[in-house]
Amino acid sequence: MRITVIGGGIIGLSCALRLAERGARVTVRTAAAPQDTTSMVAGGLVYPRHCEPENRTGRWTAVSVAEFRRLAAEPGTGVRSVPGRLLRREHRPVPDWADAVGGMIRRTDVGEPWVDALEFSPPLIDTAVYLPWLAARAEAAGVRTEYGHVESLDTDGVDLVVNAAGLGARELVPDETVVPARGQVVHVADPGLGEWIVDEDDFTYVLPHGE
Ligand SMILES: Cc1cc2nc3c(=O)[nH]c(=O)nc-3n(C[C@H](O)[C@H](O)[C@H](O)COP(=O)(O)OP(=O)(O)OC[C@H]3O[C@@H](n4cnc5c(N)ncnc54)[C@H](O)[C@@H]3O)c2cc1C
């Protein structure tokens with residue numbers, strides 16, 4: 001089967017690798033190299049936030065967490081399991097996906113303005129290491145990459161097209177419901193933090209990535 005994957009971020013490269021491993025002839029067509037995608041600037045914490053539909057989120061999370069834990073045991077992937085806390089300012093139940101991340105401990109000894117904290121140890125990905133590793137693995141599996149802007153989802157000459165265009169799907173599909181959410185990333189020297197912290201309600205992250 002011949003497959004075109006549009007997009008060379010984490011979703012496109014992951015799809016391309018899996019499909020190639022199953023014997024498909026895969027070409028990634030992408031406007032940007034992995035290091036120039038949104039995927040490169042992600043904090044890299046693996047847990048579902050604002051993810052829908054909720055009844056499928058737990059299963060997706062369990063599969064992803066199991067895969068990233070496996071990669072954490074491989075050298076050079078940029079994936080680690082790191083303990084940390086989700087700080088919360090309002091009373092809410094422990095999420096349905098708690099088991100999918102290996103379980104959580106709820107603590108109430110957190111101090112204002114927070115009412116509790118959920119402790120767990122999800123995978124944390126250093127994207128600057130992981131994306132080049134993933135691209136190299138896809139190439140080794142036979143995935144070809146072509147650079148350039150794709151104008152349509154037409155299947156000319158291939159059996160299947162995978163849309164992994166991220167925000168580019170707004171014009172490509174077109175789908176006006178696709179809108180960006182802005183985040184600002186500040187890189188500072190890591191004094192040796194052993195934990196991550198996320199404030200779930202103002203959505204500030206502190207994520208240790210070594211250097
Ligand atoms: C500041 C910030 C922090 C984040 N932190 C986290 C986090 O901690 N955990 C988490 O899970 N997520 C996080 N995210 C979200 C995460 O980064 C994205 O969900 C993810 O990177 C999306 O990957 P993608 O492969 O779908 O898209 P992208 O990485 O955007 O890749 C899209 C690809 O499609 C290509 N493309 C688009 N249109 C076309 C076209 N017409 N023709 C050819 N190519 C095209 C682009 O060139 C690019 O290669 C964060 C995002 C931001 C901005």
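Being a predicted model, the structure only gives us computed values, none of them experimental.

(A) Summary view of the pairing of strand E1 (residues 2-6). Counting buried residues in E1 gives four out of five residues, a clear majority hidden from the surface. Across five bridges, the pairing between E1 and strand E2 (residues 25-30) is parallel. If you follow Val5 over to E2, its bridge partner there is Val28. Assessed by its sense of winding, the connection that carries the chain from E1 through helix H1 (residues 10-21) to E2 is right-handed. The pairing of E1 with strand E9 (residues 160-163) spans four bridges and is classified as parallel. When the sheet's bridge partners are listed, Val5 is paired in E9 with Val162.

(B) Representation of the nonpolar core. Grouped together as the largest cluster of nonpolar side chains are 38 residues, with contacts concentrated most on Val5, Tyr47, Leu86, Trp97, Phe120, Tyr130 and Trp196. Those elements giving two or more residues to this core turn out to be E1, H1, E2, helix H3 (54-72), strand E6 (116-120), strand E7 (123-125), helix H4 (127-140) and strand E10 (196-199). For this core, the element with the most residues is H4, which contributes five residues. For this core, the domains that each give at least three residues are domain 1 (1-43 + 127-180) and domain 2 (45-125 + 185-211). Contacts of Tyr47, omitting those with residues within four sequence positions, involve Leu86, Trp97, Val101, Phe120, Val198, Glu200 and Phe203.

How each quantity is defined
- Residues numbered from 1 in each chain as written.
- Predicted model: local features only at pLDDT ≥ 70, side-chain atom pairs only at ≥ 80, totals over all residues.
- Heavy atoms only, no water.
- Buried < 20%, exposed > 50% of the residue type's maximum accessible area, 1.4 Å probe, protein only.
- Helix = DSSP H or I, 4+ residues; strand = E, 2+ residues; numbered from the N terminus.
- Pairing = 2+ DSSP bridges.
- Right-handed = clockwise from strand over helix to strand, strands pointing away.
- Core = buried A, V, L, I, M, F, W, Y, C linked by side-chain atoms within 4.5 Å.
- Domains from an automatic or database assignment.
- Contact = heavy atoms within 4.5 Å.

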